[in-house]
Amino acid sequence: TAATGESAETDEKVAKAAEKLTIEWTSSDESVATVDETGTVTAVAAGEANVTASVKDADIAASTHIKVVVTPTGVAAPESIDLVTNGENTKDLDAKIVPEDATEVKLAYVSSDEGVATVDENGLVTAVADGKCTITAYVIADAPATAESATQEADAVVTGDEDATSEAATDDGIAMMPEDLADVDSAFGVVPDGMKAETEVTVSTKVEKIELDQTKGSLKVGNSVTIKATVTPDEATDKTVTWSSSDEKVATVDSNGKVTAVASGNAVITATSESNEDVKANYDVTVTDKATSSSSSSNKGTTSSKGNTSTGSSSWTGGSTSTGSSSSAGSTTTTPTAPSNPAPAPAAPDPTPVQPSNPEPAQPSNPEPAQPSNPDPAPAPDPEPVQPSQPSGGTTDGSGANGGQVIEGGADKSCPPEEHEVGWC
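Below or above, wherever it landed, is the structure these notes cover. What you see is a predicted model; the values in this text were computed from it and never measured.

**Examining the overall build of the protein chain**
Thinking step 1. Tallying secondary structure elements over the protein chain gives 5 helices and 29 strands in all.
Thinking step 2. Within the span of the protein chain, comprising 425 residues, buried residues form 28% of the whole.
Thinking step 3. When contacts within the protein chain are restricted to residue pairs at least 6 apart in sequence, those whose partners lie at least 24 apart make up 56%.
Thinking step 4. Element-wise, carbon and sulfur atoms account for 48% of the exposed surface of the protein chain, whose accessible area totals about 26,100 Å².

**Let's talk about unusual backbone geometry**
Thinking step 1. Following valine 98, the chain continues to proline 99 via a peptide bond in cis, the omega torsion being -5 degrees.
Thinking step 2. Cis rather than trans, the peptide bond between threonine 232 and proline 233 has omega equal to 0 degrees.
Thinking step 3. Mapping proline 233 onto the fold places it in the loop between β18 (229-232) and β19 (241-245).
Thinking step 4. Positive phi, normally seen in glycine, also occurs at aspartate 57, with a value near 60 degrees.
Thinking step 5. Within the fold, aspartate 57 resides in the loop between β4 (47-55) and β5 (61-68).
Thinking step 6. Phi is positive for glutamate 104, close to 65 degrees, though the residue is something other than glycine.

**Looking at the sheet that holds strand β16 (residues 216-220)**
Thinking step 1. If you trace the 4 strands from one edge of the open sheet to the other, you get β16-β23-β22-β19, paired in mixed fashion. Two strands lie at the open edges of the sheet, namely β16 and β19, each paired on one side alone. Going from strand to strand, the sheet's axes swing by 25 degrees on average, the running direction of each strand aside.
Thinking step 2. Judged from the 5 bridges that link them, β16 and strand β23 (residues 280-288) form a sheet pairing that is parallel. Counterpart to glycine 217 in the pairing with β23 is valine 285.

**A look at the sheet that holds β5**
Thinking step 1. Spatial ordering of the open sheet is given by β1-β4-β5, a layout of 3 strands whose pairing is antiparallel. Since the sheet does not close on itself, it has two edges, and those belong to β1 (23-27) and β5, each with one partner. Pairwise comparison of adjacent strand axes, ignoring direction, gives a mean angle of 15 degrees for this sheet.
Thinking step 2. The pairing of β1 with β4 spans 5 bridges and is classified as antiparallel. The residue of β4 that forms the bridge with glutamate 24 is serine 54.

**A word on the nonpolar core**
Thinking step 1. Ranked by size, the top nonpolar core spans 25 residues in total, and within it Leu107, Val125, Val139 and Val201 carry the most contacts.
Thinking step 2. The set of elements that each furnish at least two residues to this core consists of β7 (80-84), β10 (105-111), β11 (117-119), β12 (124-127), β13 (131-141) and β14 (196-204).
Thinking step 3. It is β13 that provides the largest number of residues to this core, a total of 5 residues.
Thinking step 4. By size, the runner-up hydrophobic cluster in this structure holds 23 residues, among which are Ile227, Val250, Ile269 and Ala271.

**Here we look at the side chain of threonine 272**
Thinking step 1. Secondary-structure assignment places threonine 272 in strand β22 (residues 265-273).
Thinking step 2. We classify threonine 272 as buried; its relative accessible area is 12%.
Thinking step 3. Contact partners of threonine 272, with chain neighbours within four places excluded, come to Ile210, Thr240, Val241, Thr242, Glu277, Val279 and Lys280.

**Looking at a negative patch on the surface**
Thinking step 1. Side chains of Asp130, Glu208, Asp234 and Glu235 sit close together on the surface and give a patch of like negative charge.
Thinking step 2. You can see aspartate 234 is positioned in the loop between β18 and β19.

**A short note on the pattern of salt bridges**
Thinking step 1. Evaluation of the coordinates by the stated rule reveals 5 salt bridges.
Thinking step 2. The partner of lysine 16 in a salt bridge is glutamate 12, and the shortest N-O contact between them spans 3.6 Å. Of this pair, lysine 16 and glutamate 12 both sit in helix α1 (residues 8-19), 4 residues apart, which is roughly one turn of the helix.
Thinking step 3. Glutamate 211 is the salt-bridge partner of lysine 209, the closest N and O atoms lying 3.2 Å from each other.
Thinking step 4. The exposure class of glutamate 211 is partly exposed, given its relative accessible area of 38%.

**Some words on a nonpolar patch on the surface**
Thinking step 1. Among the surface-exposed residues, Leu21, Ile23 and Trp25 lie close enough to one another that they form a single nonpolar patch of about 250 Å² accessible area.
Thinking step 2. Within the fold, leucine 21 resides in the loop between α1 and β1.

**Observations regarding the environment of valine 262**
Thinking step 1. Position of valine 262 among the secondary structure elements: in the loop between β21 (258-261) and β22.
Thinking step 2. Through-space distance from the C-alpha of valine 262 to that of lysine 220 is 8.6 Å; in sequence the pair is 42 residues apart.
Thinking step 3. Setting aside residues no more than four positions away along its own chain, valine 262 makes contact with Val221, Glu248, Lys249, Val250, Ala251, Thr252 and Val287.

**Some words on the environment of valine 44**
Thinking step 1. Along the chain, valine 44 falls in the loop between β3 (41-43) and β4.
Thinking step 2. Those residues in contact with valine 44, other than ones at most four positions away along the chain, are Glu30, Ser31, Val32, Ala33 and Thr34.

Definitions and cut-offs
Residues numbered from 1 in each chain as written. Predicted model: local features only at pLDDT ≥ 70, side-chain atom pairs only at ≥ 80, totals over all residues. Heavy atoms only, no water. Helix = DSSP H or I, 4+ residues; strand = E, 2+ residues; numbered from the N terminus. Buried < 20%, exposed > 50% of the residue type's maximum accessible area, 1.4 Å probe, protein only. Contact = heavy atoms within 4.5 Å. Areas by Shrake-Rupley, 256 points an atom, 1.4 Å probe, with all protein chains shown as cover. Pairing = 2+ DSSP bridges. Axes fitted to C-alpha atoms, helices over the stretch in contact; angles between N-to-C directions. Core = buried A, V, L, I, M, F, W, Y, C linked by side-chain atoms within 4.5 Å. Patch = residues over 30% accessible without salt bridge, like charges linked within 9 Å, V, L, I, M, F, W, Y side chains within 5 Å. Salt bridge = Lys/Arg side-chain N within 4 Å of Asp/Glu carboxyl O. Lys, Arg positive; Asp, Glu negative; His and termini not counted. Charge placed at Lys NZ, Arg CZ, Asp CG, Glu CD.

The following block contains the structure:
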């Protein structure tokens, strides 16, 4: 610049003299800034350089300091992040200024609800409780300041707190942030208006385990059973369980865990946590065909003894009675049968049967057999007593306790008096 003289005449003389001078322009670092012969400076890269104008062949020069900065054009941050209280409860927001080589700027972070999630000066988000909040990353001037001052600046942007803004502005190098979100500039005005990015944070409590009230079972075709699933922990945010079948041709399952048998075979029913696909539980089901009704048949039993068979009939031989048996000479075989009437009235074969005065039993080889430990014959399995055979003319088959001998008078013990009176005994 030309010096200002005391009068216009002096100024004119100086101007004419300057026209005869040759001005040379130079840059101390042309990788940062260049200057042409007219003094036009062009920024090349971020940095600092001195541009000097000097008079050729004279010891006259002047310099100016040039600082080249890269202005940010935006902020890159994820649209959303998920955190859990019982797992990955911290995550780096990983927000970046665009372009990454922007100078004289930095990011400040604010959480809209610190009861849900907090964020530190480095962008690390920490879950606090289930819910949602917004983390905002702001571009601010990167002047020497404390982290606390940067946080105060960001708070002032969100709340419009003049006191916080003023307090932040008291630190050297921190520009005041107006309430209307105007530029926060350094001396070179490097922060464009409203440069920020927002990230929605969702905090939840994840499902850790699913337990079923039964893990295996069997069903008939057409039948069904409902499986109950219990999710832990109790405070899990989303306890929804989805059900699936490994083979729906064998068994199907609905959204409530009701398993229905379709066809014989095996299938696996799986309960999966909707919020955590890694958590599952299985129920193994075996399906069988419906049971078919079967009919049972009963056959009338027959008894044979030495070639003789009698079914529910009576025969008289020499004044003796046999019920449900066949009688042969010299021997008596008694086979109890189930009568059609549990208590039938006995029919006399003859209204006036001839009763032998003294039936003589057949004499064994030993006329005086030893008395058995139990002289009374074992009762028949039928609840109604079976009429014993007359001792006349017969012995047992030799396998009893009497050694095949008939005890004299044994028949009288089993024959009641009223039957004696009518001549049945």
